[in-house]
Amino acid sequence: MADVAGSQPAAVAEGVVEQPPELSKRARKKLQKKEMRAARNAARKAADKERHRANVEQRRRERAEELAAAPSEEVRQEILAARRESRRQRVDHNAEQRSARAERLRRAAEGAGQKVVLDLEFAQLMRPTEIHSLTKQIMYCYAVNRRSANPAHLWLTGCNGEMATHLQKLSGYDKWFIEKEAKSYIEAFEDRKENLVYLTADAETVLDDLDLSKIYIIGGLVDRNKWKGITQEKAAAQGIQTAKLPIGNYLKLSSSQVLTVNQVFEILLKFVETRDWKTAFFDVIPQRKRGEAEAEVGKVSLDDDAAEAGKASLDDDDDAAEEAANGDNSKEDINMGFDEDADDDDDADEEELEVEEIDVAKKRQCVRPAGNEEADEEHSAAVAEATPDVQQAEQATIE
């Protein structure tokens, strides 16, 4: 024992360090793919940032040229006043939209909306990358719901541990108008267990219609089909009803045979809006996943490899997962879901531009030599007159 203990410092002193095991070929390919994906994402973000900066600069130049071309100070003031009024109207419009969205979500929570639960109790079965993908899909669900004319009463149950940690990293998550429960849906709806319906492709019952009194559960599991039938087994063990979407009655799926969590949720929302399953499927399921739409009723079935209606999938390429998680228009859905954030950014840019324009216009008209107190007072009064409008716009934007 003494010799072994004494040999360890000697090995360290000689600089002998144990080399990490060599990565397998598969592991090297996955690492290379991850690095390439990170490089693509960084390049895309840099390009988006540069494009935004260029747009701001272009607007600044156009506005400055418009002011410079004004024949008189009165015309300049009219231009500035028109811009302030335009921004004020846009801010008011955005505020009205936010208020209307909040009111729709409140009505849904009070009983007008279809109750939908995202079951997040599978975190222990997923890798961090899969939890990350599921987190994005939950974000898409919330974005779709808040812009819907008929939003659902959306619940997150089993929201704890690593799953909760990932969700907390989402910007504005604490302000989401959504029910968040650390306990399971069985505990959360203990007094309404008979109304729980777990959506799973392994169910024998086909969902023909949505019942407002029912609470539909979507399993939050990104699993690459490693856990086939797990949602059906879980529901059966808990003694709750199960059902599957009537996808096979209207189309067959090609390529990837799995629907993501947000696709299933959006199908439910679309059916609430249209009361037509075919329209819901065709509006939500991407073209690349759809096969023949004219399949006869009962001819097309969903087997073990078919769509797990309450489950999510994850491709090796996270970019593909993002695209699949939001159909064919991932960026469009995100932008539409959180459109007021972009509007607020534009308002902030325009406020910055207008403040600069006011300063430039005044500097052109007010050449104030040292000691000219009267000119100083006129300049201060002009700026003070314009400042409340900017402050009101800023306050409205914040609110």
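Look up a bit, the structure's there.
Okay, so let's go over this structure. Note that this is a predicted model, so its numbers are computed, not measured.

1. Things to note about the overall build of the chain
Working step 1: Counting secondary structure elements, the chain contains 13 helices and six strands.
Working step 2: Within the chain, contacts between residues at least 6 apart in sequence are counted, and of these 80% link residues at least 24 apart.
Working step 3: Carbon and sulfur atoms make up 49% of the accessible area of the chain, which totals about 21900 Å².

2. Some words on the packing of aromatic side chains
Working step 1: Applying the stated criterion to the full structure yields seven aromatic pairs.
Working step 2: Ring centres of Tyr 173 and Trp 176 lie 5.1 Å apart, and the angle between their planes is 65°; on these two criteria the pair is classed as edge-to-face.
Working step 3: Among the aromatic residues, ring-to-ring pairing joins Tyr 250, Phe 271, Trp 277 and Phe 281 into one connected group.
Working step 4: Here Lys 180 stacks its cationic end above the ring of Tyr 173, 4.0 Å away from the centre of that ring.
Working step 5: Here the guanidinium or amino end of Lys 278 rests over the ring plane of Phe 282, the centre of that ring lying 5.9 Å away.

3. Considerations on a positive patch on the surface
Working step 1: A surface patch of positive charge is lined by Lys 25, Arg 28, Lys 29 and Lys 33.
Working step 2: Within the fold, Lys 33 resides in helix α2 (residues 25-68).

4. Examining helix α5 (residues 161-168)
For an α-helix the count is 3.6 residues per turn, leaving residues at separations of three or four pointing the same way.
Working step 1: Where α5 is concerned, the buried positions are Met 163, Ala 164, His 166 and Leu 167. Buried positions in α5, seen along its axis, are confined to an arc of 160° and lie on one side of it.
Working step 2: Structurally, α5 contributes buried residues whose contacts are with α4 (128-147) and β2 (153-157).

5. Quick notes on the pairing of β2
Working step 1: By the criterion of burial, β2 is predominantly enclosed, with five of the five residues buried.
Working step 2: Neither face of β2 is open: one carries His 153, Trp 155 and Thr 157, the other Leu 154 and Leu 156, and all of them are buried.
Working step 3: Bridge analysis of strand β1 (residues 115-119) against β2 gives five bridges, and the strand direction is parallel. Bridging from a neighbouring strand, Val 116 pairs with Leu 154 of β2.
Working step 4: For the crossover from β1 across α4 to β2, the handedness is right-handed.
Working step 5: Bridge count between β2 and strand β3 (residues 179-180): two bridges; the pairing is parallel. Within β3, the residue paired with Trp 155 across the bridge is Glu 179.
Working step 6: Following the chain from β2 across α5 to the adjacent parallel β3, one finds a crossover that is right-handed.

Conventions we followed
Residues numbered from 1 in each chain as written. Predicted model: local features only at pLDDT ≥ 70, side-chain atom pairs only at ≥ 80, totals over all residues. Heavy atoms only, no water. Helix = DSSP H or I, 4+ residues; strand = E, 2+ residues; numbered from the N terminus. Contact = heavy atoms within 4.5 Å. Areas by Shrake-Rupley, 256 points an atom, 1.4 Å probe, with all protein chains shown as cover. Phe/Tyr/Trp six-rings, centres within 6.5 Å; stacked < 30°, edge-to-face > 60°. Lys NZ or Arg CZ within 6 Å of the ring centre and 35° of its normal. Patch = residues over 30% accessible without salt bridge, like charges linked within 9 Å, V, L, I, M, F, W, Y side chains within 5 Å. Salt bridge = Lys/Arg side-chain N within 4 Å of Asp/Glu carboxyl O. Lys, Arg positive; Asp, Glu negative; His and termini not counted. Charge placed at Lys NZ, Arg CZ, Asp CG, Glu CD. Buried < 20%, exposed > 50% of the residue type's maximum accessible area, 1.4 Å probe, protein only. Arc of directions from axis to C-beta. Pairing = 2+ DSSP bridges. Right-handed = clockwise from strand over helix to strand, strands pointing away.

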